[in-house]
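# Structural overview for review
For reference, the chains in residue letters:
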Amino acid sequence: KQEVTQIPAALSVPEGENLVLNCSFTDSAIYNLQWFRQDPGKGLTSLLLIQSSQREQTSGRLNASLDKSSGRSTLYIAASQPGDSATYLCAVNKMYSGGGADGLTFGKGTHLIIQP
Amino acid sequence: DTAVSQTPKYLVTQMGNDKSIKCEQNLGHDTMYWYKQDSKKFLKIMFSYNNKELIINETVPNRFSPKSPDKAHLNLHINSLELGDSAVYFCASSQDYGYGYTFGSGTRLTVV
């Protein structure tokens, strides 16, 4: 059974710092890994998707890496801003040959606060 | 707007009642899902439905039943509601293999 762990559970840093959020998963037979952001009272917003054959993806100040063999991913946020404050969730999608999906397995998230 | 929309946003009901949550997506996705986020904010898959096959998570009680009248809709019916069903329920959709994952804004269900 796939389990996803995120460290740290919470993080508070001053504005402008670069930071790294960590994600690990127990079953390396994944199709892809995604990072989401959740704001209070809102749904989830997809940030980055990394295919199992890829090593990293970048979008603006965000960079996500994937080491499938070791079951690890990191989300790097450069030059953090107060607007980055949110909960960041890592999720893995299992290998599925039929094109459909069983759904994502999520970690419990990292609650991030960027202090102005 | 292209989106996943679910209604109602809030639902307060008494134990033992039967309720439904509706979900619609206009993204043309083939796969739709229901997720449950518990009081500790842990998000877990309940069902996925990809226009051919309903995949049921075995940990979901059979009081929960998804119904899909067409590819753009996946509603969630809950019978005999219990206190432990209180949570936020999210609908989502995606293309095959999980591309383009889009979540609704959630339905906060409170059972009293």
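What comes next concerns the included structure. (Residues numbered from 1 in each chain as written. Chains lettered and ligands numbered in written order. Predicted model: local features only at pLDDT ≥ 70, side-chain atom pairs only at ≥ 80, totals over all residues. Heavy atoms only, no water.)

## Focus on the environment of B:Gln37
- Within the secondary structure, B:Gln37 sits in strand S4 (residues 31-37).
- The class of B:Gln37 is buried, set by a relative accessible area of 5%.
- Taking the C-alpha atoms as reference, B:Gln37 lies 5.2 Å from B:Val88; in sequence the two are 51 residues apart.
- Not counting chain neighbours up to four residues away, the residues in contact with B:Gln37 comprise A:Gln38, B:Phe42, B:Leu43, B:Ala87, B:Val88 and B:Phe90.
- Here A:Gln38 takes part through its side chain, which lies 3.0 Å from a polar atom of the side chain of B:Gln37.
- A polar contact is formed between the side chain of B:Gln37 and the backbone oxygen of B:Lys41, at a distance of 3.0 Å. (Helix = DSSP H or I, 4+ residues; strand = E, 2+ residues; numbered from the N terminus. Buried < 20%, exposed > 50% of the residue type's maximum accessible area, 1.4 Å probe, protein only. Contact = heavy atoms within 4.5 Å. Polar contact = N/O pair within 3.5 Å; in protein donor to acceptor, adjacent residues only side chain to side chain.)

## Points about the nonpolar core
- Judged by nonpolar contacts, the single largest core of 22 residues is most densely connected at A:Leu19, A:Phe25, A:Leu33, A:Trp35, A:Leu75, A:Ile77 and A:Tyr88.
- Those elements that provide at least two residues to this core are strand S3 (19-25), strand S4 (30-38), strand S5 (44-51), strand S7 (62-67), strand S8 (72-77), strand S9 (86-94) and strand S11 (110-115) of chain A.
- In this structure, B:Ile78, B:Leu81, B:Cys91 and B:Leu109 belong to the second largest nonpolar core, which totals 19 residues. (Core = buried A, V, L, I, M, F, W, Y, C linked by side-chain atoms within 4.5 Å.)

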